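Residue-level structural notes
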Amino acid sequence: MTTTTDGNVRKFDSKITFYVTLCWILAALGGLMFGYDIGISGGVTGMDGFLLKFFPTVYERKRVAYEDNYCKYDDQKLQLFTSSLYIAALVSSFVASKVCEKLGRKPTIFLASIFFLIGAGLSSGAVHISMLIFGRIFLGFGVGFGNEAVPLFLSEIAPVEYRGAVNILFQLFVTIGILIANLVNYATEKVHPWGWRLSLGLAGVPAMGLFIGSLIIPETPTSLVEHNKEEKGRKTLKKIRGVENVDSEFEQIKLACETARMVKNPFRNLMKRWSVPPLVIGVCLQMFQQFTGINAIMFYSPILFQTVGFKNDGSLLSAIITGLVNVFSTLISIYAVDKIGRRLLLLNACVIMLISQAAIGGLLMANLTATNSLSKGLAWVVVVLVCVYVCAFAWSWGPLGWLIPSETFPLETRTAGFACAVSANMFFTFIIAQAFLSMMCHMRAGIFFFFAAWIIIMGFFVLFFLPETKGVPIDEMSERVWKKHPVWKKFMDTGSDDHDRAKKTMEEMS
């Protein structure tokens, strides 16, 4: 027998081989590159050599004896250094969607590595601010291509019973990238005046790893069948499953691809009624992921810890601590996501993040004025609360914000739908990155209550609108998830002509 059932979970025979594990790790290096880009910018923007060369007014403000704790880094150009990457990623994710559809997942990952390498070279060698920003833009192209292709690649080659854990490898590598960036910044901060060049240039190491990995990994069976390479797709499926009899799973892939071929314009079909549920879920999860405030903390954690009273090396050390918490907490998600499900992890995290954000805001509002510093004890309390917050995020909204959109779109709109989710993530990341330091200047400690309010909204959204997708094969989401959900089932009663024809074809072939 090729298929088995475990309750409501349909399984296909497979083995976890060295080859498929290697493919998962090599593809997930795209997450390492993304995480390094997130983590490196906050430390670099706090380095004196970097500020003196590109942002001298910020450098002077930082040196003033009685500077405003909340406003010393408020500079639009400084924020543009961080945020330009994400506006480039937003735009490029739509291009990456077409490349993913026309050429496949593997070539898209290859192109991401090329963009990363160019961006690392331009950033580290920058002699004026425009060159620096162009480097960040190329890194953004890499993020757009990588974040489009890697989660799809991982979801499509993972066995259904391990799909959640395998897909979370992407987020695990993001957290490892952030941690490595914090460690690098901690070391290079002491290298004057060019330590920042070393920090930015070392982005080329994970980029080269992704480049080599993109040459080794196979194209996914789904993508091969989409491009009429059925025999190669069958051989690849046998290789990544580690078994000879893959007939049932391969037939399911063929049927899904046949359905997808009947849909001529995936972006147009995203506007159809039957596409509303996965599109709303995908875009909202990515938006909410950013409005937890996580990237504000990860981008600027060294600056945040300087604000509450740590010196530069102390703030970087505190950022390393939160980075370690981030990595180990993501491992919890890998273990739990396919056992207890997506919804419970998200709801549990909302409670913990809400309490920690509100506590941080209350502490700062009561104890941190424009010119004083927190006592050492209170400063460490803030670090602990940030760690609690990061811990909850890392087992929930971090990985699941990428996992759920990658598994809920049907094949006929998968690349287009996931491109919308990725672009939504990049848009809201851009907004937060561009605005956070200014918001902290004007809202002061109230910024933490701003994010806490969003966490309440997110919790209600999960409670009433997010279905459980644990153990459901990707190509059975419509029948087993959307058509049974009390809110979304009414959207599935009618479909577009393309979708109806595709569904009829699938029924006839089965």
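Placed above this text is the structure.
Thresholds, definitions, all that
- Residues numbered from 1 in each chain as written.
- Predicted model: local features only at pLDDT ≥ 70, side-chain atom pairs only at ≥ 80, totals over all residues.
- Heavy atoms only, no water.
- Helix = DSSP H or I, 4+ residues; strand = E, 2+ residues; numbered from the N terminus.
- Contact = heavy atoms within 4.5 Å.
- Areas by Shrake-Rupley, 256 points an atom, 1.4 Å probe, with all protein chains shown as cover.
- Core = buried A, V, L, I, M, F, W, Y, C linked by side-chain atoms within 4.5 Å.
- Buried < 20%, exposed > 50% of the residue type's maximum accessible area, 1.4 Å probe, protein only.
- Expected span 1.5 Å × (residues − 1).
- Salt bridge = Lys/Arg side-chain N within 4 Å of Asp/Glu carboxyl O.

Below, the discussion takes up the overall build of the chain. From N to C terminus, the chain includes 23 helices and two strands. For the chain, restricting intrachain contacts to residue pairs at least 6 apart in sequence, the fraction spanning at least 24 positions comes to 82%. Summing over all exposed atoms, the chain offers an accessible surface of approximately 18400 Å²; the carbon and sulfur share of this is 67%.

If you look at the biggest cluster of nonpolar residues, it comprises 143 residues, and the most contacted ones within it are Phe-34, Phe-50, Met-353, Trp-397 and Met-426. Per element, the largest residue contribution to this core is 14 residues, and it comes from helix α1 (residues 18-44). Apart from residues no more than four positions distant in its own chain, Phe-50 is found in contact with Val-44, Thr-45, Phe-55, Leu-78, Phe-81, Leu-132 and Trp-196.

That bond from His-192 to Pro-193 is cis: its omega, 0°, falls within 30 degrees of zero. A positive phi angle, close to 60°, is found at Asn-228, a residue other than glycine. Within the secondary structure, Asn-228 sits in the loop between α10 (221-226) and α11 (230-241). Residue Arg-444 is not a glycine yet carries a positive backbone phi of 55°. Position of Arg-444 relative to the elements: it lies in the loop between α20 (414-443) and α21 (446-465).

The subject of this paragraph is the environment of Gly-43. Counting through the fold element by element, Gly-43 comes out in helix α1. Of the residues examined, Gly-43 reaches a relative accessible area of 3% and is grouped as buried. Taking the C-alpha atoms as reference points, Gly-43 and Ala-181, 138 residues apart in sequence, are found 8.3 Å from one another.

Turning to helix α12 (residues 247-261), a few remarks are in order. Here α12 spans 21 Å end to end across 15 residues, near enough to the 21 Å set by a 1.5 Å rise per residue. For α12, the complete set of buried residues consists of Glu-249, Phe-250, Gln-252, Ile-253, Leu-255, Ala-256, Cys-257, Thr-259 and Ala-260.

Moving on, we get to the pattern of salt bridges. Taken as a whole, this structure holds 14 salt bridges when the rule is applied. Of the charged contacts in the structure, one is a salt bridge between Lys-98 and Glu-101, with a shortest N-O distance of 3.6 Å. With Lys-98 and Glu-101 both in helix α4 (residues 76-102), this residue pair falls three residues apart, about one helical turn. Relative accessible area serves as the criterion here: at 34%, Lys-98 is assigned to the partly exposed category. Among the ionic pairs, Arg-105 bridges to Glu-156, the shortest N-O distance being 2.6 Å.

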